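Examining the three-dimensional arrangement
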Amino acid sequence: MKTLLKSAALAALLGLPASVAIAQEVTLRFQHFVSPASANPTHFMEPWARKIEEDSNGRIKVELYPFMQLGGAASEMYDQIAEGIVDGGWVIPGYEPGRFPETEAMELPFMVTKSAEEASRAAWDFSQEHLMDDFADVKVIAIHMHGRGLVYKKGDPISTPEDFEGLKLRGPSRPATLLLEKLGATPIGMPVPQFPESLALGVVDGGVITFEQAPSLKLDELTDSHTDVAGDKSLYNLYFIWAMNKDSYARLPDDLKAVIDANSGPEASAWAGRAHDTGDAEGREALRAAGHIEAELSQEATAEIRALGDEVIEEWIAQMDAKGYDGAALVADARAAVEANSAQ
């Protein structure tokens, strides 16, 4: 936004009309915390940025900074955007447990389907009813989920619920760690950038994450196997927002605000979800090519884990009730959003 302000000042100095200043290029800096080669940056962030530039006839330039190159930690992204440290970026609310508790309804065990696009459409719908007040500090562009959650570990794959016992496993969110605890594992919460080093140092035996992150995190080298659950529902999932600083948005002229608006909302959310579906297909093929052991739990083993997941959900409802929310209604609305957006 500094470019826009400098252009306006220069136009005033030269006695030029304000429209000349407005026609100058605006640079928006968006930050995220993963490799630029991973699925969301490759198949959503980068194409989204180029589309903003194209739709604005080059008047908006979007710069993407991976690996938190502008400073800070992944858990600080929401505040960085809200405070204008960056013009926009990628947020995982679950990295700040307790701050956005309603997002956890979409992350509960076996809540969403294994299609990231379907899950993202559901997350957008659910959020319109329950979460937009929570995100009032930022301009929300997209709300999405990743693809199916898998269990990666050193050694043989998981084949029964008992195999979780005693494992130290990375968990990305509170609902995921609650389920791992139920399974007898020792969950260790950590953002994705810390996962490879933790594996290499033996801090964890494995963790839960997606297909698409495997190549960029070198999981084909750092782990030996990955396990999925049976059925069409994901073991776990993670909730994300792609958002912009409100002042950066407000300073844009109306026609450039319209460009951002046209590339925001349910279709942008679905686009972000499809990016993960594409990345999952690519990641799965890369793991197969590397000889990674691929496994799927039986229907019976999956049913045992789902029963434990149901316990997590009931306990979560009670926790939300204690905080003044209607936990059962949140779960019911999340399930309704998933059902409404699932392929028939």
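So, how was this worked out
Each chain carries its own residue numbering, running from 1 in the direction its sequence is written. Whole-chain, interface and lining totals are the exception, using all residues; otherwise, since this is a predicted model, local features are given only for residues with pLDDT of at least 70 and side-chain atom pairs are given and counted only at 80 or more. Note that water and hydrogens are dropped before the side-chain values are worked out from all heavy atoms of the structure. Every patch collects residues that have over 30% relative accessible area and no salt bridge, joining them within 9 Å if they carry like charges and within 5 Å if they are nonpolar side chains (Val, Leu, Ile, Met, Phe, Trp, Tyr). The Shrake-Rupley method, run with a 1.4 Å probe sphere, supplies the accessible areas, and residue values consider only the shown protein chains as cover. A carboxyl oxygen of Asp or Glu within 4 Å of a side-chain nitrogen of Lys or Arg is what we treat as a salt bridge. When charges are counted, Lys and Arg contribute as positive and Asp and Glu as negative, whereas His and the chain ends are disregarded. By convention, the charge on Lys lies at NZ, on Arg at CZ, on Asp at CG and on Glu at CD. Helix and strand definitions follow DSSP, with helices as H or I runs of at least four residues and strands as E runs of at least two, each counted in order from the N terminus. Any residue under 20% of the maximum accessible area for its type is buried, any over 50% is exposed, and the rest in between are partly exposed; the area is computed with a 1.4 Å probe on protein chains only. Strand pairing is defined by DSSP finding a minimum of two bridges between the two strands. With its strands directed away from the observer, a crossover is right-handed exactly when the path from the first strand over the helix to the second travels clockwise. The axes are straight lines fitted to the C-alpha atoms, using for helices just the contacting stretch, and the angles between their N-to-C directions are given from 0 to 180°. The contact criterion used throughout is that any non-hydrogen atoms of two residues lie within 4.5 Å. Polar contacts, as used here, are pairs of N or O atoms within 3.5 Å; protein pairs need one atom able to donate a hydrogen and one able to accept it. Residues neighboring in sequence count only if both atoms are side-chain atoms. Paired rings are identified among Phe, Tyr and Trp, the last through its six-membered ring, by centres lying within 6.5 Å, and are further divided according to the angle between planes into stacked (under 30 degrees), edge-to-face (over 60) and tilted (the rest). Comment: the charge-over-ring label is applied if NZ (Lys) or CZ (Arg) is within 6 Å of the ring centre and within 35 degrees of the ring normal. Residues belong to a common nonpolar core when they are buried Ala, Val, Leu, Ile, Met, Phe, Trp, Tyr or Cys residues joined through side-chain atoms within 4.5 Å.

This part is about a negative patch on the surface. Residues Glu162, Glu165, Glu300 and Glu304 make up a contiguous surface patch of negative charge. With respect to the helices, strands and loops of the structure, glutamate 165 is situated in the loop between strand E5 (150-153) and strand E6 (168-171). The exposure class of glutamate 165 is exposed, given its relative accessible area of 58%.

What follows is about the pattern of salt bridges. All told, the structure shown has 20 salt bridges when counted by the stated rule. The partner of glutamate 267 in a salt bridge is arginine 121, with the nearest N and O atoms 3.1 Å apart. Here glutamate 267, found in helix H12 (residues 266-289), pairs with arginine 121, found in helix H5 (residues 116-130); they are 146 residues apart in sequence, far enough to count as distant. Among the residues examined, glutamate 267 registers a relative accessible area of 48% and is labelled partly exposed.

So, about the pairing of E6. On a regular strand, each side chain points to the face opposite its neighbour's, so the side chains alternate between the two faces of the sheet. The sheet contact formed by E6 and strand E7 (residues 186-189) spans four bridges and is parallel. Opposite leucine 169, over in E7, you have proline 187 as the bridge partner. Crossover handedness for the path E6 to helix H6 (residues 174-182) to E7: right-handed.

Moving on: the sheet that holds E5. Taken in spatial order, the six strands make up an open sheet running E7-E6-E8-E5-E9-E11, and their pairing is mixed. Sheet topology places E7 and strand E11 (293-296) at the edges, where each strand pairs with a single neighbour. Neighbour-to-neighbour, the strand axes of the sheet open up by a mean angle of 25°, direction not taken into account. With two bridges connecting them, E6 and strand E8 (residues 206-209) associate as parallel partners. Note that in E8 the partner of arginine 170 across the bridge is glycine 207. Taken strand by strand, H6 contacts E6, E7 and E8, and its axis lies near 160° from that of E6.

What follows is about the side chain of serine 234. Within the element layout of this structure, serine 234 appears in the loop between strand E9 (225-228) and strand E10 (239-245). For serine 234, a relative accessible area of 1% corresponds to the buried category. Within the structure, the side chain of serine 234 is placed 2.6 Å from the backbone oxygen of tyrosine 236, a separation counted as a polar contact.

The final tally for this structure, using the stated rule, is twelve aromatic pairs. Relative to tryptophan 242, the ring of phenylalanine 30 lies with its centre 4.9 Å away and its plane at 35°, an arrangement referred to as tilted. Of this pair, phenylalanine 30 sits in strand E1 (residues 26-31) while tryptophan 242 is found in strand E10, placing the two residues 212 residues apart along the sequence. Just as phenylalanine 30 is buried, tryptophan 242 falls in that class too. Ring plane angle 90° and centroid distance 5.7 Å describe the contact between tryptophan 48 and tryptophan 242, whose orientation is recorded as edge-to-face. Of this pair, tryptophan 48 sits in helix H3 (residues 39-55) while tryptophan 242 sits in strand E10, and the two are 194 residues apart along the sequence. Classification of tryptophan 48 by relative accessible area gives buried; the value is 0%. The exposure class of tryptophan 242 is buried, given its relative accessible area of 0%. Ring-pair connections join several aromatic residues into one group, and the members of that group are Phe30, Phe44, Trp48, Trp242 and Trp271. If you follow lysine 139 out to its NZ or CZ, it ends over the ring of tyrosine 249, 4.5 Å from the centre.

Okay, the nonpolar core next. Phe33, Trp48 and Met106 are the most contacted members of the largest nonpolar core, which has 100 residues in total. In terms of residues, this core owes the most to one element, helix H13 (residues 299-322), which gives eight residues. Beyond its immediate chain neighbours, meaning those up to four positions away, phenylalanine 33 contacts Phe67, Met68, Ala74, Met77, Trp90, Ile92, Tyr95, Val192 and Pro193.

Right, let's talk about the environment of leucine 235 for a bit. Position of leucine 235 among the secondary structure elements: in the loop between E9 and E10. Judged by its relative accessible area of 6%, leucine 235 is buried. Distance in space between the C-alpha atoms of leucine 235 and aspartate 125 is 21 Å, their sequence separation being 110 residues. Leucine 235 has contacts with Pro109, Phe110, Gly149, Val151, Leu179, Val208, Val229 and Ile305, leaving out every residue within four places of it along the chain.

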